Amino acid sequence: MPDEQTGELVPRSVAELAADSAWTVTRTGTTGHWLTAERVVERDGRRLLIGLTPIPPGTVALMLWADGEVVEHLRGSEAEACTTAHRWIGELPAGRR
């Protein structure tokens, strides 16, 4: 789905996030299903980490860590979590989050 402001495609799945090499996705050894998706963003000397993990049934947890502490957290569908993670990526370097 295109972003209304930029026209770029907004990821709605972890597979779409993983198309960006800045994301690290870990998968199970048996089924290949994703277990975590993480991306580090550096801002003003701080290390920020965005992480997603599936939590049954059909829900994804999205977390933002700043210097090792969770500062934001939400749960929703994979599409909602990926869309929000994409938005956070844009907001973090600008200091809007």
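The rules we used
- Residues numbered from 1 in each chain as written.
- Predicted model: local features only at pLDDT ≥ 70, side-chain atom pairs only at ≥ 80, totals over all residues.
- Heavy atoms only, no water.
- Core = buried A, V, L, I, M, F, W, Y, C linked by side-chain atoms within 4.5 Å.
- Buried < 20%, exposed > 50% of the residue type's maximum accessible area, 1.4 Å probe, protein only.
- Helix = DSSP H or I, 4+ residues; strand = E, 2+ residues; numbered from the N terminus.
- Contact = heavy atoms within 4.5 Å.
- Expected span 1.5 Å × (residues − 1).

A. Seen up close, the nonpolar core. With 19 residues, the main nonpolar core has Trp 23, Ile 50, Leu 52 and Leu 62 as its most contacted residues. Looking at this core, the elements that each hand over two or more residues are α1 (14–17), β2 (34–43), β3 (46–55), β4 (59–66) and α2 (78–91). Sorting elements by how many residues they give to this core places α2 first, with 5 residues. Contact partners of Ile 50, with chain neighbours within four places excluded, come to Trp 23, Ala 37, Glu 38, Arg 39, Leu 62, Met 63, Leu 64, Ala 85, Trp 88, Ile 89 and Leu 92.

B. Layout of α2. Taking 1.5 Å of rise per residue, the 14 residues of α2 would be expected to cover 20 Å, and the 20 Å separating its terminal C-alpha atoms lies within 8% of that figure. Regarding α2, the residues found buried are Ala 79, Ala 81, Cys 82, Thr 84, Ala 85, His 86, Trp 88, Ile 89 and Glu 91. Buried residues in α2 make contact with α1, β2, β3, β4 and β5 (69–76).

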